[in-house]
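Summary of the model geometry
Next come the chains, spelled out residue by residue.
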Amino acid sequence: MNLFIRYFNHETLAHSVDEAVDFLTSIGEIKMDNNVAAKISDFLESDNSYPFRLKVSYSNYVLFLKTEADNIEEFHRLEQENKAVKIEGRAMSNADRKRMQLEALNVENPGWYEGTIVFKRVVVDPVTNKCRYIDTPFTVRCKAISPMDCYNRMIDHLKSRADLDPRCQYPSVRSSSYIYKFVGA
């Protein structure tokens, strides 16, 4: 296991603790002692895969990373590849999750659905004349073509009710505040 070491614009790849100590002593701002060498050795021998930071001054640190790379160019190439994989994986999983959720909502299966939403109902305080929002559950059984159709019918019904303030806030069809269940044909 090798160590990538960075202090501002100074960086190197050390193959041993002695090389790391030599690099740090070449930087004038860093004061070396036996305690520092022991900390570096402990980090290198530990199972810890997280970066290690060595405090130099009030807000300055030397960064140590474990790596399998043999030289600095290989380390930078591996870091760029890892970063690209992480970004691509995270974006793909979020996009796939949203796409799958929308597909499930739009699957046509005509029949009876039981849908429940929790919406923000506007209630006017008669004493102060101020409005406040209260979480209000609403459950209905309706005949629909798909879960999306069930949701749309519920929202249309709530918006057409005269006893509800038009400022009420309704959840998104993809939120956890909308739950549906297919009851039967």
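Because the structure is a prediction, the values reported are computed rather than measured.

1. What about the state of the cysteines?
Following the criterion strictly, the structure yields 0 disulfides and no others. Left unpaired, Cys142 is separated from the closest cysteine sulfur, that of Cys150, by 3.7 Å.

2. Some details on helix 2 (residues 34-45)
Side chains three or four residues apart in an α-helix point the same way, a direct result of the helix having 3.6 residues per turn. In this model helix 2 runs 17 Å from its N-terminal to its C-terminal C-alpha over 12 residues, within 8% of the 16 Å that 1.5 Å per residue would give. Within helix 2 the residues assigned to the buried category are Val36, Ile40, Ser41 and Phe43. In an axial view of helix 2, the angular spread of the buried residues amounts to 160°, which keeps them on one side of the axis. Exposed residues pointing more than 90 degrees away from the buried face of helix 2 are listed as Asn34, Asp42 and Glu45. On its buried face, helix 2 is in contact with strand 1 (2-7), helix 1 (17-25), strand 3 (52-55) and strand 4 (61-67).

3. A closer look at the sheet that holds strand 6 (residues 131-144)
With antiparallel pairing, the 3 strands of this open sheet are ordered in space as 6-5-7. Lying at the two open borders of the sheet, with one neighbouring strand each, are strand 6 and strand 7 (178-184). Strand-to-strand twist of the sheet, defined as the mean angle between neighbouring strand axes without regard to direction, takes the value 25°. Both strand 5 (residues 111-124) and strand 7 contribute to a ladder of 6 bridges, which runs antiparallel. The residue bridging Ile117 from the neighbouring strand is Tyr178, located in strand 7.

Parameters at a glance
Residues numbered from 1 in each chain as written. Predicted model: local features only at pLDDT ≥ 70, side-chain atom pairs only at ≥ 80, totals over all residues. Heavy atoms only, no water. Disulfide = S-S within 2.5 Å. Helix = DSSP H or I, 4+ residues; strand = E, 2+ residues; numbered from the N terminus. Expected span 1.5 Å × (residues − 1). Buried < 20%, exposed > 50% of the residue type's maximum accessible area, 1.4 Å probe, protein only. Arc of directions from axis to C-beta. Contact = heavy atoms within 4.5 Å. Pairing = 2+ DSSP bridges. Axes fitted to C-alpha atoms, helices over the stretch in contact; angles between N-to-C directions.

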